[in-house]
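Fold and geometry: a report
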Amino acid sequence: MSKAHRMPAKEALAAVHAARGARDVVITTMATSRDWMTMPQHALDVVFVPSAMGHATSLGLGLALAQPDRRIIVCNGDGSMLMNLGSLVSIVGAGAAAARLVVLVFDNGVYEVTGAQPTPSSGNTDFAAIARGAGFDRVFEFDDLDTWRRHAGDVLAGDGPTFAWLKVAPVLGIPGPRSPGPAAERARRFADALRS
Amino acid sequence: MTELPVNGPISGERIAELLDELGVTHVVTVPDSTIGIWQPAIEARGSTQIVRVCREGETWQVAAGLYLGGARPMVMIQCTGLFESGDALRNVLHDWKLPIFAVIGYRSYLNQDTLPGDTCLVFTEPVLDAWKVDYKLITKPEEERVIADHYAACQAAKKPGAVVIAEGKA
C-alpha cells in the first residue's frame, strides 16, 4: 500500500464520529481511542483503555449479542486485528444476532502507540480478503477520504455483520491514549446509558 | 476419592438445569472433552445460548460485552484455555472489575495416580490464585450444588469467581 493511498487517520475517524447514530455504541482502542477522545464524547462511547490486546472486536461481539437492536461500531487497528483474527470467525458464527456489528480496521501498517514499529503485515495483508474468508458478506475498503466520507453512513447503516478496511497514514511521535478515568466507573456509566 | 462417570462428574442435563436456575443467558465457550459434551443438553433446554469462539481469550471479552449489555454470561473453558487467556481475564476482572464467572475444566486431575506429569496439575490452581480468582474445586458428582452456590455468592458480592471441575478418566 503506497503512502499516497492512505487517508489521514484522524479525519477518517471523524467521518465515523459524524455518521454514528445517537443510539449507536462506538468502541475505540489504541490509536483510535487517542484520536476519538479529542472529539465530542457520547454516553455510548467505550474508550477501551485500558484494554486487553486485540480484544475490542470480542467486546463488541458481546455487546452486539446482548443488544441486537443496537448498532455496535468497533474502531480497531490493524495490529489489534492481527492479534485476534479468530474473532472475525466468532462474529460470523454468532449469526443474525450480530448483524448490527460493524468492524472498522484503521490500517496504518504499524504498531503506532508503541513507536510505529512495523506489524508482521507491514501493509501487505489483504484484510478484506480475510474478512470475506471469515464469512463476512458486507466488506468494504477505502483509501480515499472523500469517498469514505460519502459512504460512511451507508457502511454503518446496513445489516451485516459489516467489515470495512480503512487504509490510513500512521501518525508518528504522538503518545498513545491515556485512560480517561477509572474503568470500573466508566463501565457502570456506560451500562446505565445503555438502559436509559 | 469417589469415582466419577466418564466424561465428567455432572451430566449435560443437570448443567443445563443449573444454568437455567441461575438465569445464565449465555455460555461463552471453547470446549474440551468434558465440558463440550454438555452443549447438546444446554441447547436442547433452550434457556441459555451458547456462544462459540475461536480462542479462550475471546471468552472473557465477549462475556464482558454481554454483561455490560445487560445479559448474564458465564465463561466455560478448560484450564489450558485459562493459561492462554490471561491478559483478557486481567483486563475484564481487574481493570474493568466486571463480575464474570467461569466454569473451568481441570485437565488430568483424576489421572494423577495413573498418568502423572501433566503440568496442568502444577499450574492450574496457582494461576487462579495469581489472577486473584475466588474459585471452588469440584471433584465429586454430589458437589454439583457448589456451582450454583458459588455463582450466587459471587454475583451477590459483585465479584468474579470460578468453579474448577476435575477431569480425567473415571
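Now for a description of the structure that goes with this document. (Residues numbered from 1 in each chain as written. Chains lettered and ligands numbered in written order. Predicted model: local features only at pLDDT ≥ 70, side-chain atom pairs only at ≥ 80, totals over all residues. Heavy atoms only, no water.)

**Side note on the overall build of chain A**
Scanning chain A for helices and strands turns up eight helices and nine strands. A compact globule built from 196 residues should have a C-alpha radius of gyration of about 16 Å, and chain A, at 15 Å, falls within 12% of that. Here the C-alpha coordinates of chain A stretch approximately 45 × 35 × 30 Å along the principal axes. Counting only residues that meet the buried cut, chain A has 56% of its 196 residues in that class. Contacts spanning at least 24 positions in sequence make up 74% of the contacts within chain A whose residues lie at least 6 apart. Summed over its atoms, the accessible surface of chain A is roughly 7,900 Å², and 54% of this surface lies on carbon and sulfur atoms. (Helix = DSSP H or I, 4+ residues; strand = E, 2+ residues; numbered from the N terminus. Rg over C-alpha atoms; globule rule 2.2 N^0.38 Å. Buried < 20%, exposed > 50% of the residue type's maximum accessible area, 1.4 Å probe, protein only. Contact = heavy atoms within 4.5 Å. Areas by Shrake-Rupley, 256 points an atom, 1.4 Å probe, with all protein chains shown as cover.)

**Re unusual backbone geometry**
Going from V49 of chain A to P50 of chain A, the amide bond is cis rather than trans, its omega being 0 degrees. With respect to the helices and strands, P50 of chain A occurs in the loop between β3 (45-47) and α3 (56-66). With an omega of 20 degrees, the peptide bond between G160 of chain A and P161 of chain A qualifies as cis. Within the secondary structure, P161 of chain A is located in the loop between α7 (145-157) and β9 (162-169). Phi at M30 of chain A takes a positive value of approximately 50 degrees, unusual for a residue other than glycine. Within the fold, M30 of chain A resides in the loop between β2 (25-28) and α2 (31-36). Phi at K132 of chain B is positive, roughly 55 degrees, even though this residue is not glycine.

**Considering the side chain of E56 of chain B**
Among the secondary structure elements, E56 of chain B is positioned in helix α3 (residues 56-68). Apart from residues lying up to four places away in sequence, E56 of chain B is in contact with V30, I77, G81, E84 and S85 of chain B.

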